[in-house]
Amino acid sequence: MAQGDRAAKVADRIKEVIAQRLEKGLRDPRVGFVTITDVRVTGDLQHASVFYTVYGTDEERADTAAGLKAATGMLRTEVGRNLNTRLTPSLEFIADAIPENAASIEALLREASERDNEARAAAANATYAGDEDPYVKPRDLDDDDER
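Please read all numbers here as calculations on a predicted model, not as lab measurements.

Asks: With reference to specific residues and values, describe the overall build of the protein chain.
Replies: Helices and strands together make up the secondary structure of the protein chain, namely five helices and three strands. The secondary structure elements of the protein chain, listed N-terminal to C-terminal, are α-β-β-α-α-β-α-α. Its C-alpha radius of gyration of 30 Å places the protein chain more than 25% over the 15 Å reference for a compact globule of 147 residues. Projected onto its principal axes, the C-alpha positions of the protein chain cover 100 × 45 × 20 Å. Here the protein chain holds 147 residues, and the buried ones make up 23% of them. Within the protein chain, residue pairs in contact and separated by at least 24 positions form 60% of the contacts whose partners lie at least 6 positions apart. As displayed, the protein chain has an accessible area near 11100 Å², and 49% of this comes from carbon and sulfur atoms.

So this is what it looks like as structure tokens:
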């Protein structure tokens, strides 16, 4: 088994363990509705970056970040109990920017659609600047011209 495969399997297991623990709930009331989006583990399995999103306002996101930081030790203990590795990786919680990125992409797509509609409206009333068909067509040769 390649080292990358092992790290990917450990990352998936860490994601499951943390998600199950968060589903049971933490005693910290600051932690809101959290979704674990991804876990990345270093090749030596010493460090895990846990990406998460939070549903709610900016204040709720900040409170959840503080709550997860406070619960890191307990969550690391939970991960250590459920992993079959010699060492338990350290955990780092990183707020995922997926919702913000999705909102900016939607705004860009909306702007592109509006520009396309403006271009279609301008093209509907447009006329040719020169000849309607600017391509040179071959002349018809009469029988008299061939001789």
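Moving on from the coordinates now.
Asks: If you had to explain helix H3 (residues 72-82) to someone new, which residues and values would you point to?
Replies: Buried within H3 we find Thr72, Leu75, Glu78 and Val79. Along the long axis of H3, the arc covered by the buried residues comes to 125°, so they all point the same way.

Asks: Help me get a handle on the nonpolar core, residues and values and all.
Replies: Core analysis: the biggest nonpolar cluster contains 25 residues, and Ile14, Ile18 and Leu91 have the highest contact counts within it. Counting residues per element, the ones that place at least two in this core are helix H1 (3-24), strand S1 (33-41), strand S2 (47-55), H3 and strand S3 (90-95). It is H1 that contributes the most residues to this core, seven residues altogether. Excluding its chain neighbours within four sequence positions, the residues that come into contact with Leu91 are Ile14, Ile18, Ala48, Val50, Thr72, Leu75, Arg76 and Val79.

Asks: Tell me what's going on with the side chain of Thr72, and back it up with residues and numbers.
Replies: With respect to the helices, strands and loops of the structure, Thr72 is situated in helix H3. Overall, Thr72 belongs to the buried group, its relative accessible area being 17%. Each residue touching Thr72, except ones within four places of it in the same chain, is listed here: Leu91 and Phe93.

Calculation rules
- Residues numbered from 1 in each chain as written.
- Predicted model: local features only at pLDDT ≥ 70, side-chain atom pairs only at ≥ 80, totals over all residues.
- Heavy atoms only, no water.
- Helix = DSSP H or I, 4+ residues; strand = E, 2+ residues; numbered from the N terminus.
- Rg over C-alpha atoms; globule rule 2.2 N^0.38 Å.
- Buried < 20%, exposed > 50% of the residue type's maximum accessible area, 1.4 Å probe, protein only.
- Contact = heavy atoms within 4.5 Å.
- Areas by Shrake-Rupley, 256 points an atom, 1.4 Å probe, with all protein chains shown as cover.
- Arc of directions from axis to C-beta.
- Core = buried A, V, L, I, M, F, W, Y, C linked by side-chain atoms within 4.5 Å.

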